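For reference, the chains in residue letters:
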Amino acid sequence: MPNKSVSTAPASTPTLISRLPLFIIVAILVALITYLQWPEAKQEKSTFKRVVAVKMVPVLLAEFIESVEAVGTARANEQVVITSKYSDLVDEIYFDDGQRVKKGAKLVKLNNQEELAKVNELKANLSESQAHLKRLSELLASRATSKSLVEQQEAKTKAIEAQLVSARAKLNDLTIRAPFAGVLGFREASKGAYIDAGDVITSLDDLSIIKVDFHLPERLLTHIHVGQQVSAVNSAYKDKEFIGKITAIDSRIDSSTRSIKVRATISNKALKLHPGMLLNISVLLQVENILQLPESSIIPIEDIHYVFVEKEGKAIRKAIKIGRRHPGVVEVLSGLVEGEHVVVEGALKLRDGYAVNIIGQVAEVEAEAEAGNKPTKSAKEKANKTPAENGSKT
């Protein structure tokens, strides 16, 4: 009989093949779940281990000086241009350029020979007229002359006296003197020159006090008053501040600019300020004690302002309310208390709940030691440790 072939393949093979797609699907699901869960675990691990180094400063209760800025031009306390009242030759010049003079000091003498001669003539005439009047008065007492002759002589004597006063005034005007103490400008005339009436000889400025006029907005009218302190700076003296006070406030407000004109005076005994200088004026409005923070510690998000504080080695974000600002400083209205420490450096790297390492504590401890509060060795070791090493839970 012919041999018949018999199949030796196991019966389970078709079953495995039929289940292969199911195994593939399960493997894919396991891989997908592992993929989805892996970044989250990795991120949690990374967040847990991250420590940000920061510097912190305390909230201080300190003086906050509120002021307003303005620009003004310096003027001398008194200033005048020295001119001649008459036309004549210059006989003498008694000053040099830029000289300081006292009140009444001689500056220039014009030719006065004619006026001097006239004064001497009138003095002689007056002396003769007075003597004649005296004789007539004696005669009138003995009824040897008439009263009308005496009155005529009195009128003549008074006329000569008036002429003498006028001649002396002109003679004095030919000698030009300083009307007040101050500093002279450049000399504009020379000895022997002929000058006309009104020609400029020099200038004179009283620089002991400098006046400065400036304008402020009308809204500050109720915040300024006479006697209020001002400070001025000029580009020529970058590190020098000149202190003065308000001496006058204009009675009118400029209708076009809605500003009010204010005048201040600044003592200038050292003569450092000169007329015409541009001065940056700062008017002190008020000084008060308020809570302050460095502006760099504030993190604005939309309309809310935040700061980071440290608690148990972690950064905690707090919302605060701020007020007025100065360059580098901001007023804290609410959200913080005096002495509370906030992050001033490294805040941009922080998120709420991040672990922080406060740097600079060693320097603070050493500074306390120099001041007499010497810390123990354990205190220094503790200051060198991170919050996690000190037992802070991260």
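Further up the page is the structure itself.
The structure reproduced in this document is the subject of the present report. (Residues numbered from 1 in each chain as written. Predicted model: local features only at pLDDT ≥ 70, side-chain atom pairs only at ≥ 80, totals over all residues. Heavy atoms only, no water.)

**Details of the packing of aromatic side chains**
Counted under the stated rule, the structure contains one aromatic pair. It is K170 that lies over the ring of Y86; its NZ or CZ is 5.3 Å from the centre. Sitting over the ring of F242, K240 keeps its end group 5.7 Å from the ring centre. (Phe/Tyr/Trp six-rings, centres within 6.5 Å; stacked < 30°, edge-to-face > 60°. Lys NZ or Arg CZ within 6 Å of the ring centre and 35° of its normal.)

**Topic: the sheet that holds strand 3 (residues 88–93)**
Note: strands within a sheet are paired through backbone hydrogen bonds, in either parallel or antiparallel orientation. Reading across the sheet, the four strands line up as 6-5-3-8 and stay open at both edges, with antiparallel pairing between neighbours. This sheet does not close on itself; its edge strands, each paired only once, are strand 6 (175–177) and strand 8 (194–195). Pairing geometry for strand 3 and strand 8, over two bridges, is antiparallel. Its bridge partner being in strand 8, D88 is matched across the sheet by I195. (Pairing = 2+ DSSP bridges. Helix = DSSP H or I, 4+ residues; strand = E, 2+ residues; numbered from the N terminus.)

**Digging into the pairing of strand 5 (residues 106–110)**
Summarising the sheet, strand 3 and strand 5 pair through three bridges and their orientation is antiparallel. Paired with E92 across the strands is K109, a residue of strand 5.

**Remarks on the pattern of salt bridges**
In this structure the tally under the stated criterion is 10 salt bridges. Across the pair R75 and D213 runs a salt bridge, and its minimum N-O distance is 4.0 Å. Highlighted residues: R75 in strand 2 (residues 60–83) and D213 in strand 9 (residues 200–217), separated in sequence by 138 residues. Residue R75 is classed as partly exposed on the basis of its relative accessible area of 30%. Classification of D213 by relative accessible area gives buried; the value is 15%. For E340, the salt bridge goes to K318, with nearest N and O atoms at 3.1 Å. Here K318 lies in strand 16 (residues 314–326) and E340 lies in the loop between strand 17 (329–334) and strand 18 (341–345), a separation of 22 residues in the sequence. Here the residues in one salt-bridge network are R75, D213, K261 and R263, joined through shared partners. (Salt bridge = Lys/Arg side-chain N within 4 Å of Asp/Glu carboxyl O. Buried < 20%, exposed > 50% of the residue type's maximum accessible area, 1.4 Å probe, protein only.)

**Some words on the side chain of E331**
With respect to the helices and strands, E331 occurs in strand 17. Residues within four places of E331 in sequence aside, it is in contact with I290, L291, K321, I322, G323 and R324. (Contact = heavy atoms within 4.5 Å.)

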